Amino acid sequence: MADSNVLKEGIILYNQKKYSDALAFFLSLPENSGVDNIELAYFIGLCYAKLERYEDALLYLEQVVTSGADYDRILQCRFLLAVIYAISGRRRLADFELNKLLETGYKTASVYAAIAYVSWEQKDTEKCIEYYKKSLSTDPENKTALNGIGYVLACQDKDLTQALGYCKKAVDYSPDSGACLDSLGWVYYKLGLYAESRKNLEKALKKMPDNPEIKEHLRLLDEATSK
C-alpha cells in the first residue's frame, strides 16, 4: 500500500462527499509522490463514478480489477463496473461482471438487485421481479431492491398495495433519495391518490431537478388532475 499520509487529504475530501475537490487533489499528485498507481487509480475511479463521469471511471476501475492487487477492492470495483455497464446499456458486460461477483459471494443482495435492474432494462420483467425478491430474501432492508420492485410492480399495475409498502420502506431508509421519492409518488399516482403523488414527486424533482423521468411522471399527474 502507498503512504496513506500522501492520500489523506484527498480521502478526507472524498469522505466529506466533496468529490470534485477530491478528484482534483488525486489528479494533481506528482509522479514522484510515492503513491502506488493502482491505489491512486482506485480513488480516482471512485471519484469519477460519484461524479457520474462513467467513461472516465471505467478507465481507472478496470485498472484495479485487472491488477490482482487487493481482493476486496477488486470486488468493489467489479461491482461498480457492472453498475456502470448496466447504466450505459452494455448489458452483456454487466452480466459478466455480476456473474463473476455471484461466484465470490460478494454483497449478494446488491448483486441480485443489480441483476434485477439489468433484467428490467432488457424488458425481462419476470426475471427482474425474481431477482429483486432474491435480493430482499438475502437483505430485507436493501433499499435498492425495495425501491426497484415497488417501481416495477407499479409500472406493471401489479400488486399496487404491496408496491406501496415496498416504496414506503425504501423512503423510510433513504428519505432524501430522489429516486425513492419518485417511485413512491409513481405508486400513489397508479393508486389514484393524486395529492400524495404530487407531494412526493415534487420532493423528488427538488432532489433531481434535471431528471426526465420525474418530469414525465409529473406531466402525467398534471394531465390526470386536469380532467
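Before any of the text, the structure's been laid out above.
Residues numbered from 1 in each chain as written. Predicted model: local features only at pLDDT ≥ 70, side-chain atom pairs only at ≥ 80, totals over all residues. Heavy atoms only, no water.

Caption draft 1: Summary view of the overall build of the protein chain. Counting secondary structure elements, the protein chain contains 13 helices and 0 strands. What you see in the protein chain, going N to C, is helices and strands ordered as α-α-α-α-α-α-α-α-α-α-α-α-α. Here the C-alpha coordinates of the protein chain stretch approximately 65 × 35 × 25 Å along the principal axes. Split into buried and exposed, the 227 residues of the protein chain put 45% on the buried side. For the protein chain, the proportion of contacts with a sequence separation of at least 24, taken over those separated by at least 6, is 44%. For the protein chain, the exposed surface amounts to about 12,200 Å²; the carbon and sulfur share of it is 48%. In the protein chain, the 29 positive side-chain charges and the 33 negative ones have mean positions that sit 5 Å from each other. (Helix = DSSP H or I, 4+ residues; strand = E, 2+ residues; numbered from the N terminus. Buried < 20%, exposed > 50% of the residue type's maximum accessible area, 1.4 Å probe, protein only. Contact = heavy atoms within 4.5 Å. Areas by Shrake-Rupley, 256 points an atom, 1.4 Å probe, with all protein chains shown as cover. Lys, Arg positive; Asp, Glu negative; His and termini not counted. Charge placed at Lys NZ, Arg CZ, Asp CG, Glu CD.)

Caption draft 2: Focus on helix 5 (residues 71–87). In a regular helix each residue adds 1.5 Å, so 17 residues correspond to 24 Å; helix 5 covers 25 Å between its end C-alpha atoms and thus fits that length. Among all positions in helix 5, only Arg-73, Ile-74, Leu-75, Cys-77, Arg-78, Phe-79, Leu-81, Ala-82, Ile-84, Tyr-85 and Ala-86 are buried. Its buried side turned inward, helix 5 meets helix 3 (37–50), helix 4 (54–67), helix 6 (91–104) and helix 7 (108–121). Where helix 5 begins, one side-chain oxygen reaches toward the backbone nitrogen of Asp-72, 3.2 Å away; that side chain belongs to Asp-70. Gly-89, located one to two residues past helix 5, shows a positive phi value of around 85 degrees. (Expected span 1.5 Å × (residues − 1). Polar contact = N/O pair within 3.5 Å; in protein donor to acceptor, adjacent residues only side chain to side chain.)

Caption draft 3: Focus on the side chain of Ser-135. With respect to the helices, strands and loops of the structure, Ser-135 is situated in helix 8 (residues 125–138). Contact partners of Ser-135, with chain neighbours within four places excluded, come to Ala-109, Tyr-112, Ala-113, Asn-142 and Ala-145.

Caption draft 4: How the structure looks around the nonpolar core. In terms of nonpolar packing, the biggest core is built from 76 residues, with Leu-7, Phe-26, Leu-29, Leu-40, Leu-98, Tyr-132 and Ile-149 touching the most fellow members. If you tally residues by element for this core, the top one is helix 3, at 9 residues. Sequence-distant contacts of Tyr-132, that is, excluding residues within four places in its chain, are made with Ala-113, Ala-116, Tyr-117, Thr-144, Ala-145, Gly-148, Ile-149 and Val-152. (Core = buried A, V, L, I, M, F, W, Y, C linked by side-chain atoms within 4.5 Å.)

Caption draft 5: Main features of the packing of aromatic side chains. Scanning all chains against the criterion turns up 9 aromatic pairs. Ring geometry for Phe-26 and Phe-43: centres 5.3 Å apart, planes at 20 degrees, overall stacked. You can see Phe-26 sitting in helix 2 (residues 19–28) and its partner Phe-43 sitting in helix 3, a full 17 residues away along the chain. Overall, Phe-26 belongs to the buried group, its relative accessible area being 1%. Residue classification places Phe-43 among the buried positions, given a relative accessible area of 7%. (Phe/Tyr/Trp six-rings, centres within 6.5 Å; stacked < 30°, edge-to-face > 60°.)

Caption draft 6: Spatial organisation of the pattern of salt bridges. On inspection of all chains with the given rule, the structure shows 13 salt bridges. A salt bridge links Asp-176 to Lys-207, with the shortest nitrogen-to-oxygen separation between them at 3.5 Å. Of this pair, Asp-176 sits in the loop between helix 10 (160–173) and helix 11 (178–191) while Lys-207 sits in helix 12 (residues 194–207), placing them 31 residues apart in sequence. With a relative accessible area of 45%, Lys-207 lands in the partly exposed category. In this structure, Glu-202 engages Arg-198 in a salt bridge whose closest nitrogen and oxygen atoms are separated by 3.8 Å. Here the residue Glu-202 and the residue Arg-198 both occupy positions in helix 12, the gap between them amounting to 4 residues, near one helical turn. (Salt bridge = Lys/Arg side-chain N within 4 Å of Asp/Glu carboxyl O.)

Caption draft 7: Geometry of unusual backbone geometry. Although it is not a glycine, Lys-123 adopts a positive phi angle of roughly 65 degrees. Checked against the element boundaries, Lys-123 lands in the loop between helix 7 and helix 8. Residue Lys-123 is classed as exposed on the basis of its relative accessible area of 74%. Unlike most non-glycine residues, Asp-159 shows phi in positive territory, near 45 degrees. Tracing the sequence through the fold places Asp-159 in the loop between helix 9 (143–155) and helix 10.

Caption draft 8: Looking closely at the layout of surface pockets. Considered as a void within the structure, the largest pocket measures approximately 1,800 Å³ in volume. Lining the largest pocket are 41 residues, with Tyr-54, Val-83, Ile-87, Thr-144 and Ala-179 sitting closest to its centre. When contributions to the lining of the largest pocket are tallied by element, the ones reaching two or more residues are helix 3, helix 5, helix 7, helix 9, helix 11 and helix 13 (212–225). In terms of residues, the lining of the largest pocket owes the most to one element, helix 5, which gives 7 residues. Partitioning the lining of the largest pocket into residue classes produces 23 nonpolar, 11 polar and 7 charged. (1 Å grid on protein atoms, 1.4 Å probe; cavity = no way out; pocket = protein on both sides within 12 Å on 5 of 7 lines; lining within 4 Å. Points joined across faces, edges and corners; volume = space filled by probe spheres on them. Nonpolar A, V, L, I, M, F, W, Y, C, P; charged D, E, K, R; others polar.)

Function cannot be inferred from these measures alone, as they are strictly geometric.
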